[in-house]
Amino acid sequence: MIVLPFPPSTNRLWRSVNGRNILSAAGRAYRKAGLEALEGQTHTLWPDSVRLSVVLTVCPPDRRRRDIDNYVKACLDLLTHGGVYGDDSQIDRLTITRGPVERGGRAVVQITPITSTLFEAQP
């Protein structure tokens, strides 16, 4: 299990500057805080050849209405950037759950390998 800070919404993650998409200030701050959080945790580093199942539980900091799917990209990109797996294209199964409200919020990630995928040839 990996515990991350509460992510910014995808709507706040990127900004367009001079026709280029760049990581926003909120995105950079989240990446920095997330990498610091990863450093203090023990977790498996998954090689590129492994297909993965990810369960993401998003625990918001308050009771405001939120689309929980807007928080996935920041978490998955952070895990890629932190070297937990090679690329989020390794993920074949993704489950998102809204967790309880917690002071400051957080995201809890559970990653397990998948032994067979839809991409494998079937006999």
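Structure shown above.
Residues numbered from 1 in each chain as written. Predicted model: local features only at pLDDT ≥ 70, side-chain atom pairs only at ≥ 80, totals over all residues. Heavy atoms only, no water.

Points about helix H2 (residues 25-39)
Rule in force here: Here a strand is any run of E in DSSP of at least two residues, a helix any run of H or I of at least four, and the numbering for each starts at the N terminus. In this scheme, a helix's expected span is set at 1.5 Å multiplied by one less than its residue total. In what follows, residue pairs with any heavy atoms lying within 4.5 Å of each other are defined as contacts.
End to end, H2 covers 21 Å across 15 residues, agreeing with the expected 21 Å (1.5 Å per residue, within 8%). Tucked inside the fold, the buried residues of H2 contact strand E1 (2-5), helix H1 (10-13), strand E3 (20-23) and helix H3 (72-81).

Observations regarding the pairing of strand E4 (residues 51-59)
Let me state the cut-off plainly: We treat two strands as partners when DSSP finds at least two bridges between them. We call a crossover right-handed when, viewed with the strands running away from us, the connection from the first strand over the helix to the second turns clockwise.
Two strands pair when backbone bridges link them, and E4 and strand E6 (residues 106-114) are joined in this way by nine bridges, in the antiparallel orientation. Paired with Cys-59 across the two strands is Arg-106, which belongs to E6. Where E4 and strand E5 (residues 91-98) come together, seven bridges link them in parallel fashion. By the bridge assignment, Ser-53 is partnered in E5 with Arg-93. Each parallel crossover has a hand, and for E4 linked through H3 to E5 it is right-handed.

Considering the packing of aromatic side chains
So the rule is basically this: When two rings of Phe, Tyr or Trp (its six-membered ring) have centres within 6.5 Å they constitute a pair, described as stacked for plane angles under 30 degrees, edge-to-face for angles over 60, and tilted for the intermediate range. Throughout, exposure labels follow a simple rule: accessible area from a 1.4 Å probe, protein chains only, divided by the maximum for the residue type, with under 20% read as buried, over 50% as exposed, and the rest as partly exposed.
Applying the stated rule across the entire model yields one aromatic pair. Geometrically, the ring pair formed by Phe-6 and Tyr-71 is tilted, given 5.0 Å between the ring centres and 40 degrees between the ring planes. Taken together, the residues Phe-6 in the loop between E1 and H1 and Tyr-71 in the loop between E4 and H3 connect sequence positions 65 residues apart. For the pair formed by Phe-6 and Tyr-71, the shared burial category is buried.

Quick notes on H3
Of all ten residues that make up H3, seven are buried, and the element is covered over most of its length. For H3, the set of buried residues is Val-72, Ala-74, Cys-75, Leu-76, Asp-77, Leu-78 and Leu-79. Immediately downstream of H3, the backbone of Gly-83 shows phi near 80 degrees, a positive value.

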